[in-house]
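Structural overview
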Amino acid sequence: MGKFEYAPAPESRSIVDLRSSYGLFVDGEFVEPKDGRMFKTVSPSSEEVLAEVAEAGPQDVDRAVAAARTAFKKTWGSMPGRDRAKYLYRIARIIQERGRELAVLESLDNGKPIREARDVDIPLVAAHFFYYAGWADKLEYAGFGADPKPHGVAGQVIPWNFPMLMLAWKIAPALAAGNTVVLKPAETTPLTALAFAEICQQADLPPGVVNIVTGAGATGQALVTHADVDKIAFTGSTDVGKAIARSVAGTKKRVTLELGGKAANIVFEDAPIDQAVEGIVNGIFFNQGHVCCAGSRLLVQESVYEEVLASLKRRMGTLNVGDPLDKNTDIGAINSPQQLAKIRMLSDVGEQEGAERWSAPCDLPERGYWFPPTIFTGVSQAHRIAREEIFGPVLSILTFRTPAEAIEKANNTPFGLSAGVWTEKGSRILWMADKLRAGVVWANTFNRFDPTSPFGGYKESGYGREGGRHGLEAYLAKH
Amino acid sequence: MPSTDNRLAVRKTYKLYVGGAFPRSESGRSYVVNDARGAFLANAALASRKDARDAVVAARKAWPGWTGKTAYNRGQVVYRIAEMLEGRRSQFVDEVAAGEGSSRAKAERSVDEAIDRLVWYAGWADKIGQVVGSTNPVAGPYFDFSVPESTGVVAVVAPQDSSLLGLISVVAPAIVTGNTVVVLAAEERPLPAITLGEVLATSDLPGGVVNILTGRVAEVAPWLAGHMDVNAIDLVGVADAELGKELELAAAENLKRVLRVPDKAPDWSADPGIGRLTAYLETKTVWHPIGI
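The name recorded for chain B in an unreviewed UniProt entry is Aldehyde dehydrogenase family protein, from Tenggerimyces flavus.

Looking at an unreviewed UniProt entry, one finds chain A named Aldehyde dehydrogenase family protein and attributed to Tenggerimyces flavus.

Now the structure itself:
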């Protein structure tokens, strides 16, 4: 059966009111950067310049941290939890009201399909604010002592793959616990964070409680190393996570790190193959594979390898790659030229090391940054594509014979963020879940997220958990 | 311990405790342990880099079996350690009093507290999962639950002042939660730690779950902090802040979980809370669809 052709169904851009230029959000106001430097943010699907954004230098970071400190002392840190809760509810409601606009903005700036931004990212963002709003007035019941206290100023650095969702994961628990924040969004995806700054204004959040400093690595470094930041939360690459761990050595700063992964998605012969194939596709091609917990290593039981492979290739042939704002699109644009180059480089290495590459046949747009959904077969555990995080729509396929071998191969990596298991046998699911060294195990599903559920890694995938009661712990000092 | 009557004492050679055995340091070195007044007490093994690495290998080897035991079973073993410690109470009192220079009464209180603390931690083995684990009310047709699991191999620089109570207070929470441990004993007061090894060897604790090194913190700790197969490190016994920073820097290389050098030595007689239990735990969240 051939691929269904859908008529284009583009979401309207008119709902988004983009300014040509954005300042930094400090102490409740948009302000110009001290040294006046600006950078451009582009749409990765069209290379169109969307807006100019300020690059925060050390003085700007200073100013933002000072505003956060003042707000912590004067308003937020001593505000009754029930009032903090109401502010968080307000924010959650405004996010819902502006959900469609935020989804379009996210899709434009990030390159992700509007379907995912609309159905996954933004509803989860609102859900996180609702969830933590409910904790703000119940902290003494969270199990961290009778009188848990916030740390003070939290410096938060987030990645470009889920710009608004990562913001919510960081800001919602921080504010619920009574901290104030300075957040640096990724340089390629600052726009929804700036829209969030407007939402804070709309909610009448006291000035300085949330500060947004846009910029690149140097801005993040200035924030992380700032002497008056009490707690650091970072989501991003393992290399940067290690650098942050080094930079706080010998200080009093608390740190949580959500870093890279190389998740095994393990398919047993008794798995419902069609569902498993859907799960494989969701596991690696969701958000163009720009997911730290992506199921980037497929482990298939040898007896069903041919069947799974054939089914997977057929399914991949039906994926719509193209305009992220088209509601039919399954796979959008790669976020940046740098990321595209990295994906290409590692894929080339995959071939050089002897693995066989297959990409779904699809026409890629002329402009923008694109990479077709791709699988590698004949992959061994020693191959770089089986060991390193590619962070793109590239799947390495390996095989196994016994559950013990699957565990051995799955755990044979310095990472430990997530894993998937596909089997109809309940006792095997629990056995596998017990043996897998990963912070999240999805059985007969993949890439599920919920604000009530702790998420985070083992080993070099970082430390700390986000989400749920566990997610509060990072923002509370125990007594 | 020096003999008090006319009988010629059999002098003991103090050795390491690694993988359930009592090796000398592979370096062949030893160092003099004095009592609090400076009088000779014993020669202890001066552990080397190789000893530290051997201890990590032993701890890693023991980890799957130990973490795979039921919590009930781990609790039973830790209770058993308390029993064996109780049986050798007077020996520990002698060693603690001599090493710490405390009165006999104070040493007795400290040893009793150490035994009681083991009993307290033993009981946590099958309860901590209920306290910090959860089922999560997700918005969708899924069941998901979060369970705590051991982090793996934990390296510990034991408290320098409290040679038994402090030691028990940092080792017990690590092992009851399923981790295996390499502990570097208090540098100047290692005798209770060495004797603890003898207790552990006869208390049903599988070999390698606790490995005890004696030696110089500044020499051995960097190898533990930089070891790629160590998952967590406890720097409570590091007295020098600058060394503590170096150890943290080394630990960053594989993102070890770090318990930092404390501002001041903890009060080991106070209620320890569950902080040291959760410090060595990871949280795993498992999802499954709900349907018929």
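1. Considering the UniProt feature "active site" (unreviewed entry) in chain A
Residues and elements named next belong to chain A. When the UniProt feature table is mapped to this numbering, "active site" (unreviewed entry) covers Glu258. With respect to the helices and strands, the residue Glu258 is situated in strand β11 (residues 254–258). By relative accessible area, Glu258 is classed as buried at 4%. Among residues more than four places away in sequence, those in contact with Glu258 are Phe234, Thr235, Gly236, Leu417, Phe455, Gly456, Gly457, Ser461, Gly464, Arg465 and Glu466.

2. A word on the side chain of B:Asp35
On the secondary structure map, B:Asp35 appears in the loop between β1 (30–34) and β2 (40–45). The residues touching B:Asp35, leaving out its near neighbours within four places in the chain, are B:Leu41 and B:Ala98.

3. Some details on the pattern of salt bridges
Taken as a whole and judged by the stated rule, the model has 48 salt bridges over all chains. One salt-bridge network, in which partners are shared between bridges, spans A:Arg19, A:Arg98, A:Glu101 and A:Glu198.

4. Focus: the side chain of B:Ser169
Residues and elements named next belong to chain B. Position of Ser169 relative to the elements: it lies in helix α6 (residues 165–176). Given a relative accessible area of 2%, Ser169 falls into the buried group. Looking at Ser169, its side chain comes within polar contact range of the side chain of Arg117, at 3.1 Å. Within the structure, Ser169 has its side chain in polar contact with the backbone oxygen of Leu165 (distance 2.6 Å).

5. Some remarks on the environment of A:Gly279
Summarising the element assignment, A:Gly279 is placed in helix α9 (residues 273–285). Spatially, the C-alpha atom of A:Gly279 lies 8.6 Å from that of A:Trp422, the residues being 143 residues apart in sequence.

6. Structural notes on the interface of chain B and chain A
Many structure descriptions define interface size as the accessible area lost when the parts assemble. Taken together, the 37 residues of chain B in the interface contact 44 residues of chain A. Taking both partners together, chain B and chain A bury about 3100 Å²; carbon and sulfur atoms supply 51% of that area. Our count for the contact surface shared by chain B and chain A stands at 4 salt bridges. As a salt-bridge pair, B:Glu149 and A:Arg437 come within 3.7 Å of each other at their nearest N and O atoms. The interface formed by chain B and chain A includes 28 residue pairs in polar contact (both at pLDDT 80 or more). Per-element tally for the side of chain B that touches chain A: the top contributor is strand β10 (residues 281–289) of chain B, with 8 residues. With 3 bridges connecting them, strand β18 (residues 440–443) of chain A and β10(B) associate as parallel partners. Opposite A:Val440, over in β10(B), you have B:Thr285 as the bridge partner.

7. Description of the domain arrangement of chain A
Residue and element names in this part refer to chain A. By domain assignment, chain A separates into domain 1 (21–259 + 459–477) and domain 2 (264–443). Tallying the contact residues gives 30 residues for domain 1 and 32 residues for domain 2. Across the domain 1/domain 2 interface, buried area totals approximately 2600 Å², and carbon plus sulfur atoms make up 54% of it. Where domain 1 touches domain 2, the interface holds 1 salt bridge. Linking Arg115 and Asp330 is a salt bridge whose minimum nitrogen-to-oxygen distance equals 2.9 Å. Between domain 1 and domain 2 we count 17 residue pairs in polar contact (both at pLDDT 80 or more) in total. Elements supplying a minimum of two residues to the side of domain 1 that touches domain 2: α3 (99–110) and α4 (114–136). When the residues that make up the side of domain 1 that touches domain 2 are grouped by side-chain class, the tally is 10 nonpolar, 10 polar and 10 charged.

What counts as what
- Residues numbered from 1 in each chain as written.
- Chains lettered and ligands numbered in written order.
- Predicted model: local features only at pLDDT ≥ 70, side-chain atom pairs only at ≥ 80, totals over all residues.
- Heavy atoms only, no water.
- UniProt positions renumbered as here; feature names shortened; annotations may be inferred.
- Helix = DSSP H or I, 4+ residues; strand = E, 2+ residues; numbered from the N terminus.
- Buried < 20%, exposed > 50% of the residue type's maximum accessible area, 1.4 Å probe, protein only.
- Contact = heavy atoms within 4.5 Å.
- Salt bridge = Lys/Arg side-chain N within 4 Å of Asp/Glu carboxyl O.
- Polar contact = N/O pair within 3.5 Å; in protein donor to acceptor, adjacent residues only side chain to side chain.
- Buried area = accessible area lost by both parts, 1.4 Å probe.
- Pairing = 2+ DSSP bridges.
- Domains from an automatic or database assignment.
- Nonpolar A, V, L, I, M, F, W, Y, C, P; charged D, E, K, R; others polar.

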